[in-house]
Amino acid sequence: MSQDKKLGLTAKILIGMGSGIGLGLLLRNLFPGSELIEQYLTMGVFHVIGSIFISCLKMLMVPLVFVSLVCGTSSLADPSKLGRLGGKTISFYLFTTAIAISLAMGFTLLIQPGDPTMATQGLTYVAKEAPSLAQVIINIFPTNPVLAFTEGNMLQIIVFSVIFGFAISHIGEKGERIRTLFNDLNEVVMKVVSLIMAMAPYGVFALMAKLALGLGTDTFASVFKYFLVVAGVLIIHGWVVYPALLKGFTGLSPVIFLRKMRDVQLFAFSTASSNATLPVTMRNAEHRLGVDNKIASFTLPLGATVNMDGTAIMQGVATVFIAQVWGIDLSMMDFLMVILTATLASIGTAGVPGVGMIMLAMVLEQVGLPVEGIALIIGVDRLLDMLRTAVNISGDTVASVIVAKSEGELSLAAYHDPEAGQKITD
Ligand code: ASP
């Protein structure tokens, strides 16, 4: 048996991660502020390998969502089923996001990480303009699908693919032929995902080494409590709330779920992007957890775009934290406003690194809190971004499994089989 077979992908990614961080920290301490390291490693080798890895994942996003969603919807001949699926998925997403923000604000009020004596003078942060709600809704519908594909506009691609797949299912025999073609294309795309997954340990190594070399440690001290509260609530939401919801709604074992989620969470953690992780999330849900393509192809791309519980948690904690630092008391109305705007902001957050922080400006502005507060916490955001992305994609997958089970579209045999979809070259 080759070494390759003995060591699972999770173990390899973890080794890549650990050695990347280790090497980064070592070099940083051995050669502090070295120009050569910065030029040839941080922004050289590590940057190149890490970026290639992320690009390879991203390159699959558009073809994967299109092909997979066309496969899924073209097999859903009954329009009412599509409506029911959409209703269930969106309600579940909103429900978990509301739990996430409530937990976040509850814990922040309880722990009070915001110290009013903290220095806030001289802080500046220029907020980018957030789009209006009306525009957000109009923008879901593409005027030009090719443009949507080129720009990678996920919601527009979803809308176009659903309509396209729906039409295929309604043209009889001709539709059958096209559907077979799309099913074959789907196999090809999944195969490419598997190949890229095999590259993950090296990609993750480079990403972590670059991170460790560039991360500032001094920013941590002042906002350490904030960091701990966000990280704590993220862990509770991802590793307690989701498993409990899974057990409650489906009766399935959460332990199996968590075990099978590990690889995807590591991908999300290292890329800090739900979108870049999407190919792996989809492959995992279908091959490892047994979610039928009809459900996975719809719930997961939608989730990667609109369902960001981890982001909502950061926004909930950050808002209350900033209010505490500035000594501003939030009224009941303000809290409701935070829940509403943080839900909308997390929906509007694109699944790419750091966008949650930009959308936080919108939440702060809505409740009249100083946007400069962002400057206080932005230094520790990179690590939190990684953790919340892992939570974001776990929330999408848990919804996918619950919806699939309720529709009778979950393969229990695959869910319970520890080996299902295990070999990445399968
Ligand atoms: N990085 C997050 C994601 O892709 C979004 C964010 O909170 O910035 O899921």
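Above this text is the structure in question.
Residues numbered from 1 in each chain as written. Predicted model: local features only at pLDDT ≥ 70, side-chain atom pairs only at ≥ 80, totals over all residues. Heavy atoms only, no water.

A.B. asks: Sorry, what's going on with the overall build of the chain here?
C.D. replies: When you go through the chain residue by residue, the secondary structure sums to 19 helices and zero strands. Relative to its length of 426 residues, the chain is compact, with a C-alpha radius of gyration of 22 Å against a globular reference of 22 Å. When each of the 426 residues of the chain is scored for burial, the buried share is 52%. Look at the contacts in the chain between residues 6 or more apart in sequence, and 85% of them connect residues 24 or more apart. Looking at the chain as shown, the accessible area adds up to about 18,400 Å², and 67% of this sits on carbon and sulfur atoms. Counting 26 positive and 28 negative side-chain charges, the chain places the averaged centre of each group 9 Å from the other. (Helix = DSSP H or I, 4+ residues; strand = E, 2+ residues; numbered from the N terminus. Rg over C-alpha atoms; globule rule 2.2 N^0.38 Å. Buried < 20%, exposed > 50% of the residue type's maximum accessible area, 1.4 Å probe, protein only. Contact = heavy atoms within 4.5 Å. Areas by Shrake-Rupley, 256 points an atom, 1.4 Å probe, with all protein chains shown as cover. Lys, Arg positive; Asp, Glu negative; His and termini not counted. Charge placed at Lys NZ, Arg CZ, Asp CG, Glu CD.)

A.B. asks: What's the story with the site of the ligand in this structure? I'm lost.
C.D. replies: Taken together, the neighbourhood of the ligand is formed by 17 residues, with Ser 274, Thr 311, Gly 356, Asp 385 and Arg 388 sitting nearest. A distance of 2.7 Å separates an oxygen atom of the ligand from a polar atom in the backbone of Gly 356. One of the side-chain nitrogen or oxygen atoms of Asn 392 is found 2.8 Å away from an oxygen atom of the ligand. Coverage of the ligand by the protein chains reaches 100% of its 270 Å² of free accessible surface. Secondary structure elements with two or more residues in the shell around the ligand: α16 (355-366) and α18 (381-406). Ranked by the residues each element gives to the shell around the ligand, the list is headed by α18, at four residues. Its residues assigned to classes, the shell around the ligand comprises six nonpolar, nine polar and two charged. (Near = heavy atom within 4 Å. Polar contact = N/O pair within 3.5 Å; in protein donor to acceptor, adjacent residues only side chain to side chain. Nonpolar A, V, L, I, M, F, W, Y, C, P; charged D, E, K, R; others polar.)

A.B. asks: Where do I start with a nonpolar patch on the surface in this structure?
C.D. replies: Residues Val 45, Val 48, Ile 49, Ile 52 and Met 199 make up a contiguous nonpolar surface patch of about 380 Å² in total accessible area. Of all the elements, helix α3 (residues 35-74) adds the most residues to the nonpolar patch, at four residues. Considering the arrangement of structural elements, one finds Val 48 in helix α3. Given a relative accessible area of 43%, Val 48 falls into the partly exposed group. (Patch = residues over 30% accessible without salt bridge, like charges linked within 9 Å, V, L, I, M, F, W, Y side chains within 5 Å. Salt bridge = Lys/Arg side-chain N within 4 Å of Asp/Glu carboxyl O.)

A.B. asks: Hey, could you run me through the packing of helix α14 (residues 309-325) against helix α15 (residues 332-348) in this one?
C.D. replies: Angle between the axes and distance between the axes are the two parameters that describe a pair of packed helices. Close contact between α14 and α15 brings their axes to 9 Å; oriented N to C, the two are set at 145°. The way α14 lies across α15 gives a crossing that is right-handed. Of the residues in α15, those in contact with Thr 311, Ala 312, Gln 315, Thr 319 and Val 320 of α14 are Phe 335, Val 338, Ala 342, Ala 345 and Ser 346. Class assignment for the residues of the contact of α14 with α15 results in six nonpolar, four polar and no charged. (Axes fitted to C-alpha atoms, helices over the stretch in contact; angles between N-to-C directions. Left-handed = near helix turned anticlockwise from the far one by under 90°.)

A.B. asks: How should the nonpolar core be read in this particular structure?
C.D. replies: A general tendency of soluble globular proteins is for nonpolar side chains to be buried together. In this structure, Tyr 226, Phe 267, Val 291, Leu 360, Ile 377 and Val 401 are the most contacted members of the largest nonpolar core, which totals 122 residues. Of all the elements, α3 adds the most residues to this core, at 14 residues. What Ile 377 contacts, discounting residues up to four positions off in sequence, is Val 223, Tyr 226, Ala 318, Phe 321, Ile 322, Met 357 and Leu 360. Within the second largest apolar cluster, six residues are counted, among which are Leu 27, Ile 37, Phe 46 and Ala 206. (Core = buried A, V, L, I, M, F, W, Y, C linked by side-chain atoms within 4.5 Å.)

A.B. asks: For this particular structure, what's the right way to read the pattern of salt bridges?
C.D. replies: Side-chain pairing between opposite charges can occur once the charged atoms of the two side chains come close. Going through the model one piece at a time under the given rule, you end up with ten salt bridges. Salt-bridge contacts for Asp 381 lead to Arg 388; the nearest nitrogen and oxygen are separated by 3.0 Å. A single network of salt bridges, built from pairs that share partners, joins Lys 81, Arg 84, Lys 88, Asp 292, Lys 294, Glu 407 and Glu 409.

A.B. asks: Please explain α3 as it appears in this structure.
C.D. replies: An α-helical turn contains 3.6 residues, so a residue and the one three or four places further along point in the same direction. Under the 1.5 Å per step criterion, the end-to-end length of α3 is 55 Å for 40 residues, consistent within 8% with the ideal 58 Å. The principal kink in α3, of about 45°, is found at His 47. The distance from a side-chain oxygen at the start of α3 to the backbone nitrogen of Leu 36 is 3.3 Å, and the residue carrying that oxygen is Ser 34. (Expected span 1.5 Å × (residues − 1). Bend = angle between axes of the 7 residues up to and from the residue.)

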